[in-house]
Amino acid sequence: MSAKLDLAKAPHRRWNPLLREWVLVSPHRTERPWQGQVEKSAPEQRPRYDPNCYLCPGNSRAGGHKNPNYPSTFVFNNDYAALTPDIVPGELNHSGLTVARTERGACRVICFSPRHDLTVSNMELGDVARVAEVWSEQYKELGAIDWINYVQIFENRGEMMGASNPHPHCQVWANETIPNYPATEQKSFLEFSQGGGCLLCEYLRLEQAEKSRLVCSNDLFTVVVPFWAVWPFEVLVLANAHCTGMDQLSRDAQRGLADILKRITSRYDNVFAVTFPYSMGFHQRPTDGQPHPEWHLHAHFYPPLLRSATIRKFMVGYEMLAGPQRDITPESAAARLRAAPERPLG
């Protein structure tokens, strides 16, 4: 008979039911000294308007495009798009070993605000709600194109996460095919739904009962550090009621989403008293013309900071060669996030 597992002390593996992979957790490694890379920790100080920023109102972008003097949100086609709609179809296949196919798509940029110095955490609630409304509009508009089968909305914040510009913005990439991670999640949702339930509805009920990994919630959305988290302060933002995509969110739900995003990003900033870097993205049903009732709208936040604003998590060695691994337990990360204030920095 197996002994009871002590999640806070014993090395163990946790199952990720969305991506169908194991995560190695090594809580005892939090004791090890750090002599690795140390990042800059000074808080960002930015002006309201930067004449050299290609996302600020009235400024020029690549190729001679000039931004209008937009007063709120601003959407435009990415000047350096990773996917374009006018690719001539082609493919390569040598013995099933070197295989390639052309991929059509569309890439857009959404500026959250004309102000260069803001982030989601210190924007006004109504302005973030407007961003949520634009996300819904872009999901519907791009998803309505007959050959677009998936719409990925994501934000990279901070130099550490490869953000090319600190102006508050995100990207939307619309694919002809369903990308790897959403495709894997779809298989998981479908398999679970064969039993008559929704994977994330059931998981949310479990977390609400357990409470140790809950961070914050409102009437419409809940934030948890997932049981299978890989990044130190990774969180999952879950719609409380079952819905499959942003197009199903009412104005109140868009405002509820804005509220929860402001709250979790404020907590992030206060954990280490710095503008917290992360990659964030929404996963929702594909736009392939099928209803996909098995899907549940959610967002992933992947922040790299490990112990402080100057020490980050690197995905190297074991992670690249064997599988995901973390030292800080999800429960301890959630406790730290719960203890962080929800007020914006500054």
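Please read all numbers here as calculations on a predicted model, not as lab measurements.

1. With respect to the overall build of the protein
Tallying secondary structure elements over the protein gives six helices and 16 strands in all. Compactness check: the protein gives a C-alpha radius of gyration of 21 Å against a globular reference of 20 Å for 346 residues, within 12% of the reference. Dimensions along the principal axes, computed over C-alpha positions, put the protein at roughly 65 × 55 × 45 Å. Considering the protein as a whole, with its 346 residues, one finds that 51% of them fall into the buried category. Summed over all atoms, the accessible surface of the protein reaches about 16,900 Å², with 53% contributed by carbon and sulfur.

2. Concerning the pairing of strand β12 (residues 278–283)
The buried count for β12 comes to six of six residues, which makes it a mostly enclosed element. Residues of β12 alternate between two faces, with Tyr 278, Met 280 and Phe 282 on one and Ser 279, Gly 281 and His 283 on the opposite face, all of them buried. Summarising the sheet, β12 and strand β13 (residues 298–302) pair through five bridges and their orientation is antiparallel. Residue pairing for β13: Gly 281 is matched across the bridge by His 300.

3. Thoughts on the sheet that holds strand β11 (residues 235–239)
One open sheet accounts for nine strands, arranged β3-β6-β8-β7-β12-β13-β11-β10-β9; its pairing is antiparallel. Strands at the two margins of the open sheet, each flanked by one partner only, are β3 (74–77) and β9 (214–217). Strand after strand, the sheet turns through a mean of 20 degrees between neighbouring axes, direction not considered. Bridge analysis of β11 against β13 gives four bridges, and the strand direction is antiparallel. Across the sheet, Val 237 pairs through a bridge with Ala 299, a residue of β13. Contacting β9, β10 (221–224), β11 and β13, helix α3 (residues 199–210) crosses the sheet at an angle of about 115 degrees to β11.

4. Some details on the packing of aromatic side chains
If you walk through the whole model with that rule in mind, you get 15 aromatic pairs. Measuring from centroid to centroid gives 4.6 Å for Tyr 203 and Trp 228, while their planes differ by 45 degrees, and the two rings are tilted. Of the two residues, Tyr 203 is situated in helix α3 and Trp 228 in the loop between β10 and β11; the sequence distance between them amounts to 25 residues. Accessibility classification places Tyr 203 together with Trp 228 in one group, the buried group. On the numbers, 5.0 Å between centres and 65 degrees between planes, the contact of Tyr 278 with Phe 301 is edge-to-face. Taken together, the residues Tyr 278 in strand β12 and Phe 301 in strand β13 connect sequence positions 23 residues apart. Take Tyr 278: its relative accessible area is 1%, and that puts it in the buried class. Residue class for Phe 301 comes out buried when judged on its relative accessible area of 1%. The rings of Phe 233, Tyr 268, Phe 272, Phe 276, Tyr 278 and Phe 301 are connected pair by pair, giving a single aromatic cluster. Of note, Arg 13 hangs over the ring of Trp 22, and the distance from its end group to the ring centre comes to 4.3 Å.

5. Brief notes about the pairing of strand β6 (residues 105–111)
For β6, the buried fraction is high: seven of the seven residues fall into the buried class. Burial of β6 is two-sided: the residues Gly 105, Cys 107, Val 109 and Cys 111 facing one way and the residues Ala 106, Arg 108 and Ile 110 facing the other way are all buried. Note that β3 and β6 share four bridges and pair antiparallel. Counted as the bridge partner of Val 75 is Ile 110 from β6. Summarising the sheet, β6 and strand β8 (residues 169–175) pair through seven bridges and their orientation is antiparallel. Looking across to β8, one finds that Arg 108 is bridged to Val 172.

6. A closer look at the side chain of Arg 108
For Arg 108, the location among the structural elements is in strand β6. Of note is the side chain of Arg 108, whose polar atom sits 2.8 Å from the side chain of Gln 138. There is a polar contact of 2.9 Å between the side chain of Arg 108 and the side chain of Glu 141.

7. A closer look at helix α1 (residues 125–143)
When the terminal C-alpha atoms of α1 are compared, their 27 Å separation across 19 residues agrees well with the 27 Å that a helix rising 1.5 Å per residue should span. Restricting attention to buried positions, one finds in α1 the residues Val 128, Ala 129, Val 131, Ala 132, Glu 133, Val 134, Trp 135, Ser 136, Gln 138, Tyr 139, Leu 142 and Gly 143. Contact partners of the buried residues in α1: β3, β6, β7 (150–157), β8, α4 (251–271) and β12.

8. Here we look at the nonpolar core
Core analysis: the largest hydrophobic core is formed by 60 residues, its most contacted members being Trp 135, Leu 257, Tyr 268, Phe 282 and Phe 301. Not counting chain neighbours up to four residues away, the residues in contact with Tyr 268 comprise Phe 233, Glu 234, Val 235, Val 274, Phe 276, Tyr 278, Phe 301, Pro 303 and Leu 337. Listed in part, the 17 residues of the second largest apolar core include Leu 204, Trp 228, Leu 236 and Leu 238.

Here is what the cut-offs are and how they apply
All residue numbers refer to positions counted from 1 along the written sequence of the respective chain. With pLDDT at 70 or above as the cut-off, local features in this predicted model cover only qualifying residues; side-chain atom pairs require 80 or more to be listed or tallied, and sums for whole chains, interfaces and linings still use all residues. With hydrogens and water excluded, all non-hydrogen atoms of the structure serve as input to the side-chain values. A run of H or I in DSSP counts as a helix once it spans at least four residues, and a run of E counts as a strand once it spans at least two, with each numbered from the N terminus. Both definitions apply: the radius of gyration is a C-alpha atom measure, and the globule rule equals 2.2 Å times residues to the power 0.38. Each residue gets one of three labels from its accessible area relative to the maximum for its type: buried under 20%, exposed over 50%, partly exposed in between, using a 1.4 Å probe on protein chains only. All accessible-area figures derive from a Shrake-Rupley calculation using a 1.4 Å probe, and residue coverage is judged against the displayed protein chains alone. In this analysis, strands are considered paired if DSSP registers two or more bridges between them. For helices, the axis comes from a line fit to the C-alpha atoms of the stretch in contact; other axes are also lines fit to C-alpha atoms, and the angle between any two N-to-C directions lies between 0 and 180 degrees. Residue contacts are defined here by distance: any two heavy atoms, one from each residue, within 4.5 Å place the two residues in contact. Aromatic contacts are taken between Phe, Tyr and Trp rings whose centres are within 6.5 Å, Trp giving its six-membered ring; a plane angle under 30 degrees counts as stacked, one over 60 as edge-to-face, and the others as tilted. Counted as over-ring charges are cases with an Arg CZ or a Lys NZ within 6 Å of the ring centre that also lie within 35 degrees of the ring normal. As used in this structure description, the phrase polar contact means that two N or O atoms lie within 3.5 Å; if the pair is within protein, one of them must be able to donate a hydrogen and the other to accept it, and residues adjacent in sequence are counted only when both atoms belong to side chains. Between the first and last residue of a helix there are one fewer steps than residues, each counted as 1.5 Å, and that sum is the expected span. Remark: nonpolar core denotes a set of buried residues (Ala, Val, Leu, Ile, Met, Phe, Trp, Tyr, Cys) joined through side-chain atoms within 4.5 Å.

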